[in-house]
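# Per-entry structural report
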Amino acid sequence: MSTPVLSVRDLVVEIPTRRGVLRPVDQVSWDIAAGEILGVVGESGAGKSMTGNAVIGLLDPPARITGGQILLSGQRIDDLPRDRLRKLRGNKIGMIFQDPLTSLNPLLTIGDQLTETILEHLDVSPTEARKRAIAALDEVGIPAAAQRIGSYPFEFSGGMRQRVVIALALCAEPDLVIADEPTTALDVSVQAQIVALLKRLCRDRGVAVMLVTHDMGVIAEAADRVAVMYAGRLAEIGPVREVLTAPRHPYTEGLMASTPLASQGRARLRQIPGAMPRLEALPEGCAFHPRCPYAQEKCRHAPGPDIASCDGHAACWFPLTNAAPLQEAGA
Amino acid sequence: MTDMDTQIPQTDAVPAAPSRLQRAWDSDFLYAFRRSPVAMVAMLTVTLMVLAALLSPLIAPHNPFDPATLNLMNGFTPPMTENQFTGQSFFLGTDDQGRDVFSTILYGLRISLFVGFAAVLLAMVLGVTLGLLAGYLGGWTETVIMRAADVQLTFPAILVAMLIFGIAKGITPPEYRNEVAIWVLILAIGLSDWVQFARVVRGATLVEKNREYVQAAKLIGRRPGAIMLRHILPNVLNPVLVIATISLALAIIAEATLSFLGVGAPPTQPSLGTLIRIGQGFLFSGEWWILLFPALTLLTLALSVNLLGDWLRDALNPRLK
Amino acid sequence: MSALISVRNLTRVFDVSKPWLNRVIERLPRALLTAVSDVSFEVEERSVYALVGESGSGKSTIGKIVVGLVPPSEGTVEVRGVDLSNSADRQAIAAVRADIQMIFQDPFASLNPRWRVRDIIEEPVSVLGGDTTGLAEKLLEQVGLSASDVGKFPHEFSGGQRQRICIARALASEPKVIVCDEPTSALDVSVQAQVLNLMSDLREEYGLTYLFISHDLTVVQHMADVIGVLYLGRLVEEAPRDTLFETPKHPYTQMLFEAAPRMDGFGRDIDVPQGEIPDAINPPPGCAFHPRCPIAVGRCREERPEMRKIGRTRVACHLAE
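As the structure is a prediction and not an experimental result, all values here were calculated from the model.

### Some points on the overall build of chain A
Counting its regular elements, chain A contains 12 helices and 10 strands. In terms of overall size, chain A behaves like a compact globule, its C-alpha atoms giving a radius of gyration of 21 Å where 331 residues would be expected to give roughly 20 Å. In terms of principal-axis extent, the alpha carbons of chain A reach across some 65 × 50 × 45 Å. For chain A, long-range pairs separated by at least 24 residues make up 64% of all intrachain contacts whose partners lie at least 6 apart in sequence.

As structure tokens, then:
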């Protein structure tokens, strides 16, 4: 096994507030190999974006990494000084944010932004940088790239802008790309185009991708493996087909079952009662137990199960083992 | 009917509900206040001065503008020394007419604060109303109001105030001028200051009027006036509070400036500015206390109000959180 | 059952031209954005009619026209036989307006942050002078929240809970029709399930009719009885739910279904949609979809297709069968 491109080990992020210390990311671990797409899925407040920000070193103070390690191609990056980390960003790690409108500088042409990034990280001449910029735009499907390189972001539609953002993220030839909800603000048809583009580019270049989203459909179609997060902790991780069709964690099962597709033909959707607890008010024991239909005594009191000490796939004392839990009664 | 169960307790123990006062004290706003020494000192100072002004008839050793209490022989007594003729000593000395400087400051503070608050109140009411109308109604209303605001901004506020003052002086018959002076002063400063309120409120209104809760109100048939007053106004007041506080400091200084120039509060009801003008004449002849103490008071007041306003702006800014 | 809502030849054009001065200096033409173009459909009583489309499809605009927030440029909207924009009978219009309510997409902007929940829920009734005792409490219980929440402010609730408060507000005036503009798009999946179930239950209990606007095909498949697909302001296909999902007839609908992410589509390499949604200010001639359509012919470029009936589907395509 070659070294994974990204290796997150027991990552802990804390935010000190006057009401106590919050842990938006608690003991999260995963690896992403080259050319692999890991989908990180969870609802709002689960900590998926925060994990992405921690990896790339863009945590807003007072949030900070207080435990664990982040390794990029075997080298630790979480303890690097700021300027070293800055050079890493853009060069080895590319990032795609959710809102294409605010990800691009409205005052610079896209050509300027691309060449600036290329020159910053790659040792090439300005003419060569410009050639590469045009090639990058071409690759992401911007028509007439050589002409449009002088355009400003506002002259593009949302889908086109997101393509430019992808080009920007990939132009310095990174090893890892973190995509934080890249398609959430886009239309369905554009989303399909962007997801297909991302898949193709990453396979072709062997880039590892951490795809953060709340859309299970995108995960199913794009990801190779998926990590499900709940209240800052990793609930389940595994190959996407396994996790989505035979989930082991009751939360994943509930999530899959409550999507409208799963309840086709039925009058009511299956629902998970209650809501994800706020970080200030995490329950004792397993964070999910108040909402879990299978909760038992141990779940209420034993301190939070983690994947390593359970079966390696789901952070649950009593993971589901039957292959077809979605057919259970519960409407 | 529906098996909604959002009441699932998040934790096992439910703490006793805190009282309203407890919650207010504990809120982010007051917490930030408690942690900022600058804010607390500024607030304390302002409160003390306001109290002193309100209670001046009780605190002041005597009413300096009641001729019956004056004794010309007391004139020019330095602070805390015994007068060579009458043997009385005064905390901050006396001026040329034997008035106790401490008392004149207290009464002057009263006028300064009164004019300051009233002028800001006028500017606020006028500016917020015009801002709401401009933002919500748009079209010609907005154009007229905003262009008027632009035009007014090309003139320095002091000049506008002096202009209004001059016009008022021209219209009023001479025997009423002194009585009306304070009101004209309030009007002048208030009218010169409404623009910043209007601009901020208009901007905030433009943002709020497109929000869904306003649309929801429209679709149940609420009239524009009710929407502006009951829905939009409460949501645009945040920045207004900050501007009002800083405006207060500026209004106090504006009033002092006008009075100093002789076009403000009359000598019969002098404000701190008038006192400074009076005192200025005696500075180089040695009676420094007649100028210094009123000036220091004005400085402290304006500074405290300004610091309070600055802190308030940072505390209420959601983006800095 | 008769048609409760009848929309005929609805068109709405927005003038998005730059200000006159800019146009003169830069020599630009007027820019007219056709958000809705000749849309006609009917909604049966007690049914759920879904309008599906991407950005620029005009679905939100249609919702706002039906509710009365935006007037149509051409065409009519009749609710219970009353033409809302053209009828001379104002009493009838007012009576029918009270029967229509709306739920918005953004649960955070739909509730006035400065109002208490009680006032928010009661507003539709109190504005008409109705009796509001106990109304808020009763409705809160109905939507699965606790009656003791009446005194709270919106920021004390989560997104899903706020959306329930919006539903409670929509129910307050006992409407017949509720226009739902992407009511669950901003909510997490598990919360969405709760809210959709609530909406289904309420519909059963009160015999409501929903005009359900959404871009999410899975939600629409669950909720709707009849679905209308919009593209660039035009209705391109309309069919009962099962018919539409089994045999979509319009190329755009087919493209949409193909592109929509599926949870069983592991590693699926989809037939990626070509091109992008065109500019609504300068729409393509003839059929608006022809530049992206895989089966377009010459006629599609010249002639805008009319809606025709094929089985249980109405479709606007020259080549559909």
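The discussion continues.
### Quick word on the overall build of chain B
Helix and strand content of chain B: 12 helices and zero strands. For chain B, the sequential pattern of α-helices and β-strands runs α-α-α-α-α-α-α-α-α-α-α-α. Taking all 321 residues of chain B together, 40% fall into the buried category. A sequence separation of at least 24 residues applies to 68% of the contacts in chain B between residues at least 6 apart.

### Thoughts on the packing of helix α7 (residues 158-170) of chain A against helix α8 (residues 188-205) of chain A
Residue and element names in this part refer to chain A. Following both chains from N to C, one finds α7 and α8 inclined at 15 degrees, their axes separated by 10 Å at the closest point. Accordingly, the angle class assigned to the pair α7 and α8 is roughly parallel. Of the two possible hands of crossing, α7 and α8 adopt the one that is right-handed. Counting all contacts with α7, which are made through Gly158, Gly159, Gln162, Arg163, Ile166 and Leu170, the residues of α8 involved are Val190, Gln193, Ile194, Leu197, Leu198 and Leu201.

### Focus: the sheet that holds strand β4 (residues 64-72) of chain A
All names here are of chain A. With respect to topology, four strands assemble into an open sheet ordered β2-β1-β4-β5, the strand pairing being antiparallel. Both outer strands of the open sheet, β2 (20-32) and β5 (75-76), are each paired with one neighbouring strand and no more. Sheet topology places strand β1 (residues 6-17) next to β2; nine bridges connect them, and they run antiparallel. Of the residues in β2, the one forming a bridge with Ile15 is Leu22. Against the sheet, helix α1 (residues 48-56) contacts β1, β2 and β4, and its axis sits at roughly 110 degrees relative to β1.

### A few points about the interface of chain A and chain C
Every contact between the two is made by 35 residues of chain A and, on the other side, 33 residues of chain C. Per-element accounting of the side of chain A that touches chain C gives the leading share, six residues, to α8 of chain A. Residue classes in the side of chain A that touches chain C are distributed as 16 nonpolar, 12 polar and seven charged.

### Some points on the sheet that holds strand β12 (residues 313-315) of chain C
What holds strands together in a sheet is hydrogen bonding between their backbones, with the strands either parallel or antiparallel. All names here are of chain C. Reading across from one edge, β6-β7-β8-β3-β9-β10-β12-β11 is the order of the eight strands in this open sheet, with mixed pairing throughout. Two strands bound the open sheet, and with one partner strand each, they are β6 (100-103) and β11 (308-310). Strand after strand, the sheet turns through a mean of 20 degrees between neighbouring axes, direction not considered. In the sheet, strand β10 (residues 234-240) pairs with β12 via two bridges, with the strands oriented antiparallel. Looking at the pairing, Glu237 lines up with Val315 of β12. Of the strands in this sheet, β6 and β7 (177-181) touch helix α6 (residues 159-172), which is tilted by about 175 degrees from β6.

### A word on helix α7 (residues 157-171) of chain B
All names here are of chain B. Look at α7: 21 Å from first C-alpha to last across 15 residues, which is about the 21 Å you get at 1.5 Å a residue. If you check which residues of α7 are buried, you get Ala157, Ala161 and Phe165. Viewed along the axis of α7, the buried residues span an arc of 65 degrees, placing them on a single side of the element. The exposed set on the far side of α7, more than 90 degrees from its buried face, consists of Leu159, Ile167, Gly170 and Ile171. Looking at the buried residues of α7, the elements they touch are α8 (177-208) and α10 (224-260).

### Concerning the nonpolar core
Counting residues in hydrophobic clusters, the biggest one holds 275 residues, and the most contacted among them are Val209 of chain A together with Leu211 and Phe212 of chain C. A total of 19 residues in this core trace back to one element, the largest contributor, which is helix α5 (residues 101-137) of chain B. Beyond its immediate stretch of four places on either side in the chain, Leu211 of chain C contacts Ile5, Val43, Tyr49, Leu51, Gly63, Val66, Val177, Val179 and Cys180 of chain C.

### A look at unusual backbone geometry
All names here are of chain A. For the bond running from Pro61 to Pro62, omega is 10 degrees, close enough to zero to count as cis. The backbone of Gln27 shows a phi angle near 60 degrees, a positive value even though the residue is not glycine. The topology assignment puts Gln27 in strand β2. In this structure Gln27 comes out as partly exposed when scored by C-beta crowding, with 19 C-beta atoms within 10 Å.

### Focus: the confidence of the model for chain A
When pLDDT is averaged along chain A, the result is 85, and 95% of the positions lie at 70 or above. Predicted confidence for residues 323-331 of chain A stays below pLDDT 50, and this span has 11 contacts to residues more than four positions away or in other chains.

### Some points on helix α5 (residues 126-139) of chain A
All names here are of chain A. Along its 14 residues, α5 runs 20 Å from first to last C-alpha, staying within 8% of the 20 Å computed at 1.5 Å per residue. When α5 is considered as a whole, its buried residues turn out to be Ala129, Ala133, Ala136 and Leu137. Along the axis of α5, the buried positions cluster into a sector of 95 degrees, meaning they face one direction only. Those residues of α5 that are buried are in contact with α4 (110-121), α6 (145-148) and α7. Once α5 ends, the next one or two residues include Gly141, with phi positive near 90 degrees.

### Side note on the pairing of β4 of chain A
Looking at chain direction, β1 of chain A and β4 of chain A are connected through seven bridges and run antiparallel. Across the sheet, Glu14 of chain A pairs through a bridge with Arg64 of chain A, a residue of β4 of chain A.

### So, the packing of α7 of chain B against α10 of chain B
Residue and element names in this part refer to chain B. As a packed pair, α7 and α10 sit with axes 11 Å apart at the nearest point and diverge in direction by 55 degrees. Accordingly, the angle class assigned to the pair α7 and α10 is oblique. The two elements α7 and α10 meet at a crossing, and its hand is right-handed. Residues Ala157, Ile158, Ala161, Met162 and Phe165 of α7 lie in contact with α10, whose contacting residues are Ala254, Thr257 and Leu258. Class assignment for the residues of the contact of α7 with α10 results in seven nonpolar, one polar and no charged.

### Brief notes about the confidence of the model for chain B
All names here are of chain B. For chain B, the mean per-residue pLDDT works out to 82, and 89% of the residues sit at or above 70. Across chain B, the secondary-structure element scoring lowest on mean pLDDT is helix α1 (residues 20-26), at 62, and the one scoring highest is α5, at 92. Contacts from residues 1-16, a stretch scored under 50 in pLDDT, to residues over four places away or in other chains number 29 contacts. Across the interface, the model reports ipTM at 0.86; the global pTM reads 0.83.

Definitions and limits used
- Residues numbered from 1 in each chain as written.
- Chains lettered and ligands numbered in written order.
- Predicted model: local features only at pLDDT ≥ 70, side-chain atom pairs only at ≥ 80, totals over all residues.
- Helix = DSSP H or I, 4+ residues; strand = E, 2+ residues; numbered from the N terminus.
- Rg over C-alpha atoms; globule rule 2.2 N^0.38 Å.
- Contact = placed C-beta atoms within 7 Å.
- Buried ≥ 20, exposed ≤ 12 C-beta atoms within 10 Å, placed from the backbone.
- Axes fitted to C-alpha atoms, helices over the stretch in contact; angles between N-to-C directions.
- Parallel < 35°, antiparallel > 145°, perpendicular 65-115°, else oblique.
- Left-handed = near helix turned anticlockwise from the far one by under 90°.
- Pairing = 2+ DSSP bridges.
- Nonpolar A, V, L, I, M, F, W, Y, C, P; charged D, E, K, R; others polar.
- Expected span 1.5 Å × (residues − 1).
- Arc of directions from axis to C-beta.
- Core = buried A, V, L, I, M, F, W, Y, C linked by C-beta atoms within 7 Å.
- pLDDT = per-residue confidence, 0-100.

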